[in-house]
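Residues per chain are reported as follows:
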Amino acid sequence: MSPSASLRRAALALALLTLSAAASAAPDADGPSLARQHCTVCHGAKGESTTEQFPQLAGQTREYLRKQLADFRAGTRVHVAMNQIAGGLTDAQMDALAQWFSQQTPELHPPRDALLAGVGRYIYERGNTFAGVPACVSCHSATGQGNARLPRLAGQHPLYVENQLRRFHAGARGNDGGVMGFVTGRLTELELRGVAAYVGGMSGGSRAASAR
């Protein structure tokens, strides 16, 4: 087992032991308290994430966060720790968590390799017409800000984005996989890594601008 896999498993085990035990004591509508009790170990105090293996939740759209929590609770999106934690949340608690994280300020993760990010920018803005890959901007907007249906990509951890793209390609994402399964099936390894590197450094602009 690789060191990163061992770290990930240890973090998940700690999350299950320390967070799910507090579920019954969590207040129904206090986002900050719920986040401290259920989310801090993996996702950080304000959703900035404690490791690039886990998604940054800060600044993510409220509607998207709420849907993912509901999908984890229903089991349509599978992740051992998240299925157990979300399974103990009420609708009101999920609403409060989604609202709290959506209001936090996300961090940027500038690319370490500008040339690789350049490949990603090309795919994000133009796609690859030779391979039938649509431009990411056609759904995710020029800013990567996200909306009620689609996640904010701007500033997300590149490794997390890579991992999710691979899961879409493998059919391992039981929710939201239709279009993304099609797209990722046509991405090369270079393009996949490039897109992940590029979106990590996007600032996101404003939601009002991305909606236009």
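Residues numbered from 1 in each chain as written. Predicted model: local features only at pLDDT ≥ 70, side-chain atom pairs only at ≥ 80, totals over all residues. Heavy atoms only, no water.

(A) Molecular detail of unusual backbone geometry. Unusually for a residue other than glycine, Ser-49 sits at a positive phi of about 80 degrees. In this fold, Ser-49 is placed in the loop between helix H3 (40-43) and helix H4 (62-74). (Helix = DSSP H or I, 4+ residues; strand = E, 2+ residues; numbered from the N terminus.)

(B) Summary view of the layout of surface pockets. Of the voids in this model, the second largest pocket is the one considered here, and its volume is about 330 Å³. Taken together, 13 residues line the second largest pocket, and the ones lying closest to its centre are Arg-112, Pro-158, Leu-159, Glu-162 and Ala-197. Of all the secondary structure elements, the ones that give two or more residues to the lining of the second largest pocket are helix H9 (158-170) and helix H11 (189-200). No other element matches H9, which puts three residues into the lining of the second largest pocket. (1 Å grid on protein atoms, 1.4 Å probe; cavity = no way out; pocket = protein on both sides within 12 Å on 5 of 7 lines; lining within 4 Å. Points joined across faces, edges and corners; volume = space filled by probe spheres on them.)

(C) Broad picture of the confidence of the model for the protein chain. Per-residue confidence for the protein chain gives a mean pLDDT of 89; residues scoring 70 or more make up 84%. Within the model, the stretch residues 18-26 combines pLDDT values under 50 with 20 contacts to residues more than four positions away or in other chains. (pLDDT = per-residue confidence, 0-100. Contact = heavy atoms within 4.5 Å.)

(D) Structural context of the packing of H4 against helix H6 (residues 91-102). Remark: H4 packs on H6, axes separated minimally by 8 Å, with the N-to-C direction vectors making an angle of 140 degrees. Our classification of the angle between H4 and H6 gives oblique. Pair H4 / H6 crosses with right-handed handedness. For the pair H4 and H6, contact is made by Arg-62, Leu-65, Arg-66, Leu-69, Ala-70 and Arg-73 and by Asp-91, Met-94, Asp-95, Leu-97, Ala-98, Gln-99, Phe-101 and Ser-102, respectively. Among the residues forming the contact of H4 with H6, the class breakdown is seven nonpolar, two polar and five charged. (Axes fitted to C-alpha atoms, helices over the stretch in contact; angles between N-to-C directions. Parallel < 35°, antiparallel > 145°, perpendicular 65-115°, else oblique. Left-handed = near helix turned anticlockwise from the far one by under 90°. Nonpolar A, V, L, I, M, F, W, Y, C, P; charged D, E, K, R; others polar.)

(E) How the structure looks around the environment of Glu-52. Secondary-structure assignment places Glu-52 in the loop between H3 and H4. When its relative accessible area of 35% is taken as the criterion, Glu-52 is described as partly exposed. Distance in space between the C-alpha atoms of Glu-52 and His-109 is 9.9 Å, their sequence separation being 57 residues. With residues near it in sequence (within four places) discarded, Glu-52 still touches Arg-112, His-157, Leu-159 and Tyr-160. (Buried < 20%, exposed > 50% of the residue type's maximum accessible area, 1.4 Å probe, protein only.)

(F) The arrangement of the environment of His-109 in detail. Looking at the secondary structure, you find His-109 in the loop between H6 and helix H7 (114-126). A relative accessible area of 16% places His-109 in the buried class. Sequence separation of His-109 and His-157 is 48 residues, and the distance between their C-alpha atoms is 6.4 Å.

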